[in-house]
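One letter stands for each residue in the lines below.
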Number of protein chains: 4
Amino acid sequence: MDIIVLNPGATEKELRHIVKKLESRGLKANISKGTERTIIGVIGDTSKITEEEENAIRVMHGVEDVMRILKPYKLASRDFKAKDTAINVGGQIIGGKKIQVIAGPCAVENKTILMNIAEKVKDAGASFIRGGAFKPRTSPYSFQGLGEEGLKYLADVRKKWGLPVVTELMDPRDMEVIAKYADIIQIGARNMQNFRLLLEAGTSKKPILLKRGLSATIKEWLMAAEYIMSKGNHNVILCERGIRTFETATRNTLDLSAVPVLKKLTHLPIVVDPSHGVGRWDLVAPMAKAAVAAGADGLMIEVHTNPEEALSDGEQSLRPGDFKKLMKELKPIAAAVGREI
Amino acid sequence: MDIIVLNPGATEKELRHIVKKLESRGLKANISKGTERTIIGVIGDTSKITEEEENAIRVMHGVEDVMRILKPYKLASRDFKAKDTAINVGGQIIGGKKIQVIAGPCAVENKTILMNIAEKVKDAGASFIRGGAFKPRTSPYSFQGLGEEGLKYLADVRKKWGLPVVTELMDPRDMEVIAKYADIIQIGARNMQNFRLLLEAGTSKKPILLKRGLSATIKEWLMAAEYIMSKGNHNVILCERGIRTFETATRNTLDLSAVPVLKKLTHLPIVVDPSHGVGRWDLVAPMAKAAVAAGADGLMIEVHTNPEEALSDGEQSLRPGDFKKLMKELKPIAAAVGREI
Amino acid sequence: MDIIVLNPGATEKELRHIVKKLESRGLKANISKGTERTIIGVIGDTSKITEEEENAIRVMHGVEDVMRILKPYKLASRDFKAKDTAINVGGQIIGGKKIQVIAGPCAVENKTILMNIAEKVKDAGASFIRGGAFKPRTSPYSFQGLGEEGLKYLADVRKKWGLPVVTELMDPRDMEVIAKYADIIQIGARNMQNFRLLLEAGTSKKPILLKRGLSATIKEWLMAAEYIMSKGNHNVILCERGIRTFETATRNTLDLSAVPVLKKLTHLPIVVDPSHGVGRWDLVAPMAKAAVAAGADGLMIEVHTNPEEALSDGEQSLRPGDFKKLMKELKPIAAAVGREI
Amino acid sequence: MDIIVLNPGATEKELRHIVKKLESRGLKANISKGTERTIIGVIGDTSKITEEEENAIRVMHGVEDVMRILKPYKLASRDFKAKDTAINVGGQIIGGKKIQVIAGPCAVENKTILMNIAEKVKDAGASFIRGGAFKPRTSPYSFQGLGEEGLKYLADVRKKWGLPVVTELMDPRDMEVIAKYADIIQIGARNMQNFRLLLEAGTSKKPILLKRGLSATIKEWLMAAEYIMSKGNHNVILCERGIRTFETATRNTLDLSAVPVLKKLTHLPIVVDPSHGVGRWDLVAPMAKAAVAAGADGLMIEVHTNPEEALSDGEQSLRPGDFKKLMKELKPIAAAVGREI
């Protein structure tokens, strides 16, 4: 909180009361009496003023509004660290010149299918395998994932094809088992403000891929990253995956402007997931291209050898042939923005 | 999935392939060939068709769209149980003729303040005390709650004032300690799709107050209730607390139409939280009145003896005097809709 | 524009350049140098700073953000006029103690049906007849209204039943004919920012019922009222009719919190249209009750003797019997909030 | 309307009544009796069933829901015309291989500035000049445009620099004067459902650039195009310019997925306006690149020689140097998607 706007009818006594409160916190007040409003500029280390204190001031007599100038996140901000964060995962750098592609099925279904998909995405140029062993599903009657068995298959893929593993953590109690197999731990969109899970992720040594919540503002998303970082884990990768809007032609609305906005606000790398963003496989290729053109550091794409039989999200999965074609078409776009893929 | 719409150019072969797939699941296909589209009506127990199978059909050759007729939730639906669910909590019925009022501070701060608030809300006519011991906060630097100490103070309130306790569960690992002290366990808006937490809540013997997620549709909300109920706990209370929209004049947009919509779709009781819904104490009274007029079974209202010093959400808390006045004003409105308060 | 926040790296030269620009507009700058940001408080008659000038300052070197303290609307604000505006239409006061009910069909279809509906709503206690002669329809192939013929039927209703007429203006070229028959001229939601139409309405002697746009913030809505008032017509009635959100269970999301918010910001009367707000007749009664409880000055309700045969919006029209029942049930709620109906 | 879903409790009599109603419209009913619901497939030319009739059926006894299979727009759909529409404007093809760039100031301010900007954008490779002579402004106190004088300056640009003119029509009464000077007539976002203006545009011989409304679904947008086309003007260019969401980091949320969605649904060309889409000049370049990568047929970009002094939207205007750099950077991206610029 840096600026306090007083009501037109605020009294001198109310003003003095507010100034006194600020001074009791070691802050100074710079008072501007305008023709229609009096404004107090708060001087000092306002970053120590908590949200609670801000809200408390908001309800003081004579106060019309409180405006905060400083961003509520610190470790995640460019002010704190100007240089881009580059995260090395098994020799692959996320946040460097190369745009990294994470590909694979939505859920791990069985070993044969997973191995088969892994071979294809590796061949097409992906650098990471993705696949859920613990699946957040909107229905309790849907397939919930294979659990540790699925994680083992992912580890088999890493061993055989050299692809580091990205997989989701849904429950703090699963941290140990996930950390045993994963190279990057994913926090899903529906858990972006599951603060206990974020704190747990903050104690891990593994990089965290933090998906944007369906209705999370960019500020809230960075605050979620701050939760993880505040516990010591600074390797956070942000993943834009579409926000909820009134439009129903697509499953979500992929907010690609989040990429350049984040590039200004934070040093953390940004990955785009067009598969969840649009929810239809036939729109994935144009949106993947657009994401690269907008400056994304990576892509996360669902690929399945047989979408018709997929146990999860088949309608948004690319077939290996379409994925290979896309990877080829992305090359000149990456080059056009000074990157490689 | 009950209706499959084919592409204008779908072939006979594709049609036969789809019909065969349905028959392999024990379903029958009723084919309507219209002038512009062919439609397949799926006959049989389609409730056993999972979301995965629906999506798999959606990507089959020749398919333009799949429309589901049946609701994806069962236990939560009026079809399953026509009669209103009434939940008895320490002698107070939620979902009966009496509109129940849950009041108290956002967070439990210390014993003195809590006891003081409890006395006032009891005196004004509230039947339940609310207060968070574990607090979900958007900033890791904000007050996170007193933990078990806070729960003990809530138990002290119950003992002294006879008010059953409503408090939030944020982490499955806290279930034991929360269940020890709470009469109703709250699942917060940001955890509405924390599916593991829902499953944990489903195994509890305590009623669950399930807040609507910020961007949750009513259907998704009922699916979250279904998660809890699918584990055997049928005592779910739904709590409307505002959804996220483009409007910034209020913290959220309180969706009161959800009350009559839910009354048609489900047998579960519905409580409205105008404090979070609008986020400004000066709008709480009119919206509480509107909630009662719209048919809510209960209200959840933040009350604090000193909002200026509250450690959380002070700007939306009523002072005891305003709360008492509101309780009095609600009486004739409750009577007008055939209820009491 | 009242506060200018500088970049952390803003130079003294940039600061002087900004101050000079302000002084060239006859304003003074009060500079607060904080530890992390420098803030300029702008002193003087900032209401004369246009949006253009505000935006121009926003892109000056050294500027991080510009915050406007004063509301952009004047004539519509409580600051300008503290007392509630009460509008007398044919002896009926909108904005007084009595909650006024405007009822009738969505569109005027023919004289017999209209007369029949008018008799019923009059009998049930409505004070105004509504009905569209010029209809905004999302499809060019839908019924577009009877035009002047429809207006004549409305005038017949006024003559026979003494109900003043509310009807919509869609095109500035229709102003003359509409003004000839209407007592209150409606501007529809889709035309809320049809600025030429607003200016035209501002030159009329007739009160204007201004519906909220589907995605209009309350601030934008008041700016639209300001457009009308700036031309001399101060008799503007605001009508909340639902906003567009992600929820699809209702046609729109009726934002009842807009009622108490507006009561603080403006002196203009506020009417609620639950029929369009929810789009389903079976939700109209609870939402009408909630609107009265929330403090609305009036209701606008669609009534049709035969919704099955209505040429427009039949699915949201009450039958006369249900409307009569609702009118009766509203009485004690109106009384509970110190009003009558 | 093609499918009617009956209530679980619908009677035989109700079913017969519905079937009779359909038959009275020359349609046939194919009845599927499932285990939980009965469904009626409507066979015949259902495109002649109006929205009114659909809604009327929705409120018939025994009906639970009505689902429309066919799209409500015809002339705008790919079903009606499979081949891309290419529009020739003064020798420049919109909707062909070349991605067309429309550039210029938000508003025409005076001749010198406009001529200067025109020279720069022409030099950088733009093919069209844009500039508003009649400006829709949210405040009645803002600059409203130069009117016909501004149009004349635009014509001067065309004459001197050979750039066809794109300018906005706000009022049907201005059609004659706008058509006299414009090569492409723009309908702004706030007028997308100003149906009278759309009909007026439909009678023009000039191509219409139809901006998407702030909260318009893609379906509603195509219905607006249908309004224009239904009057005989088939030269409609769609312009995505951002939708309103909860995110406030950008002025709007640019929905680039609309581009590939529209490519499937319609034959009309699609232009993207990143300037309004994000509202900040520093995000325009990455979003322009993303738009080209996503498959847009054109770009509309605000350019101003002196954004600090612009009378409108200075904060989102590129300086000529930045625009020239962008045009150069777009070339390889256009090439990568098989286009040129």
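Draft legend 1. Spotlight on the overall build of chain A. From N to C terminus, chain A includes eleven helices and 14 strands. Reported as C-alpha extents along the three principal axes, the dimensions of chain A are approximately 75 × 45 × 40 Å. Per-residue burial over chain A gives 60% buried out of 341 residues.

Draft legend 2. Quick peek at the interface of chain A and chain D. In this assembly, 34 residues from chain A lie in contact with 34 residues from chain D. Breaking the side of chain A that touches chain D down by element, the ones donating at least two residues are α8 (258–265), α10 (281–294) and α11 (320–336) of chain A. At eight residues, the largest contribution of residues to the side of chain A that touches chain D is made by α10 of chain A. Class assignment of the residues belonging to the side of chain A that touches chain D gives a composition of 22 nonpolar, eight polar and four charged.

Draft legend 3. Just the confidence of the model for chain A, in detail. Of all residues in chain A, 99% attain a pLDDT of 70 or more, and the chain-wide mean is 93. In the predicted assembly, ipTM is 0.93 and pTM is 0.94.

Draft legend 4. Up close: the sheet that holds strand β11 (residues 208–211) of chain D. Residues and elements named next belong to chain D. In space, the eight strands of this closed barrel follow the order β7-β8-β9-β10-β11-β12-β13-β14, with parallel pairing throughout. Adjacent strand axes in the sheet meet at a mean angle of 25 degrees when their direction is disregarded. The sheet contact formed by strand β7 (residues 100–104) and strand β8 (residues 128–130) spans two bridges and is parallel. The residue of β8 that forms the bridge with isoleucine 102 is phenylalanine 128. Of the strands in this sheet, β7 and β8 are in contact with helix α3 (residues 111–124), which crosses β7 at around 155 degrees.

Draft legend 5. Spatial organisation of the interface of chain C and chain B. In this assembly, 34 residues from chain C lie in contact with 34 residues from chain B. If you list the elements that add at least two residues to the side of chain C that touches chain B, you get α8 (258–265), α10 (284–294) and α11 (320–336) of chain C. It is α10 of chain C that contributes the most residues to the side of chain C that touches chain B, seven residues altogether. Classifying every residue of the side of chain C that touches chain B gives 22 nonpolar, eight polar and four charged.

Draft legend 6. Representation of the relation of the copies chain C and chain B. Taken as rigid bodies, chain C and chain B are interconverted by a rotation of 180 degrees and an axial shift of 0.0 Å, the fit giving an RMSD of 0.1 Å. Taken together, the rotation and translation describe the operation of a two-fold axis. Residue alanine 290 of chain C of chain C places its C-alpha closer to the rotation axis than any other residue of that unit, at 2.0 Å. Take the interface residues of chain C: 100% of them recur as interface residues in chain B, which is what a same-surface contact looks like.

Draft legend 7. Examining the sheet that holds strand β4 (residues 63–67) of chain D more closely. Residue and element names in this part refer to chain D. The four strands are arranged β2-β3-β1-β4 in an open sheet whose pairing can be described as antiparallel. What marks the edges here is a single partner per strand, and that holds for β2 (28–33) and β4. Here the average twist between neighbouring strands, direction ignored, is 20 degrees. In terms of strand pairing, strand β1 (residues 3–6) meets β4 through four bridges, oriented antiparallel. What sits directly across from valine 5, in β4, is aspartate 65.

Draft legend 8. Highlighting the packing of helix α6 (residues 195–202) of chain B against helix α7 (residues 218–230) of chain B. All names here are of chain B. The geometry of α6 relative to α7 is characterised by a closest axis approach of 6 Å and an angle of 45 degrees between their N-to-C directions. Relative to α7, the element α6 lies oblique. Note that α6 runs across α7; the crossing there is right-handed. Contact residues: Phe195, Leu198, Leu199, Ala201 and Gly202 in α6; Ala224, Tyr227, Ile228, Met229 and Ser230 in α7. A class-by-class count of the residues in the contact of α6 with α7 yields eight nonpolar, two polar and no charged.

Draft legend 9. Fine view of the relation of the copies chain A and chain D. Under the fitted operation, chain A is carried onto chain D by 0.0 Å of movement along the axis and a turn of 180 degrees, and the coordinates agree to an RMSD of 0.1 Å. Take the interface residues of chain A: 100% of them recur as interface residues in chain D, which is what a same-surface contact looks like.

Draft legend 10. View of the environment of valine 284 of chain A. Residues and elements named next belong to chain A. Along the chain, the position of valine 284 falls in helix α10. By the C-beta count within 10 Å, which is 27 here, valine 284 ends up buried. Spatially, the C-alpha atom of valine 284 lies 9.0 Å from that of aspartate 273, the residues being eleven residues apart in sequence. What valine 284 contacts, discounting residues up to four positions off in sequence, is Pro274, Ser275, Val278, Ile301, Gln316 and Leu318.

Draft legend 11. Broad picture of the domain arrangement of chain A. By domain assignment, chain A separates into domain 1 (3–67) and domain 2 (87–336). Its C-alpha centre places domain 1 of chain A at a distance of 44 Å from the equivalent point of domain 2 of chain A.

Draft legend 12. Broad picture of helix α10 (residues 284–294) of chain D. In terms of burial, α10 of chain D is a largely internal element, eleven of the eleven residues being buried. Positive phi appears at glycine 295 of chain D, one or two residues downstream of α10 of chain D, with a value of about 110 degrees.

Draft legend 13. Quick peek at the nonpolar core. Among the nonpolar cores identified, the biggest contains 459 residues, and Leu210 of chain A, Leu210 of chain B, Leu210 of chain C together with Leu210 of chain D are the most heavily contacted of them. Residues contacting leucine 210 of chain B, with those up to four places away along its chain left out, are Ile187, Met192, Ala224, Ala225, Ile228, Val236, Ile237, Leu238 and Cys239 of chain B.

Draft legend 14. Helix α7 (residues 218–230) of chain D, seen in detail. All names here are of chain D. Helix length check: α7 (13 residues) gives 18 Å between terminal C-alpha atoms against 18 Å at 1.5 Å per residue, within 8%. Burial runs high along α7: eleven of the 13 residues are buried. Of all the residues in α7, the buried ones are Ile218, Glu220, Trp221, Leu222, Met223, Ala224, Ala225, Glu226, Tyr227, Ile228 and Met229. Summarising the contacts, the buried residues of α7 are in contact with α6 (195–202), β11, β12 (236–240) and α8 (258–265). Looking at the residues trailing α7, positive phi occurs at glycine 232, about 110 degrees.

About the criteria used
Residues numbered from 1 in each chain as written. Chains lettered and ligands numbered in written order. Predicted model: local features only at pLDDT ≥ 70, side-chain atom pairs only at ≥ 80, totals over all residues. Helix = DSSP H or I, 4+ residues; strand = E, 2+ residues; numbered from the N terminus. Buried ≥ 20, exposed ≤ 12 C-beta atoms within 10 Å, placed from the backbone. Contact = placed C-beta atoms within 7 Å. Nonpolar A, V, L, I, M, F, W, Y, C, P; charged D, E, K, R; others polar. pLDDT = per-residue confidence, 0-100. Pairing = 2+ DSSP bridges. Axes fitted to C-alpha atoms, helices over the stretch in contact; angles between N-to-C directions. Least-squares fit on C-alpha atoms with pLDDT ≥ 70 in both. Parallel < 35°, antiparallel > 145°, perpendicular 65-115°, else oblique. Left-handed = near helix turned anticlockwise from the far one by under 90°. Domains from an automatic or database assignment. Core = buried A, V, L, I, M, F, W, Y, C linked by C-beta atoms within 7 Å. Expected span 1.5 Å × (residues − 1).

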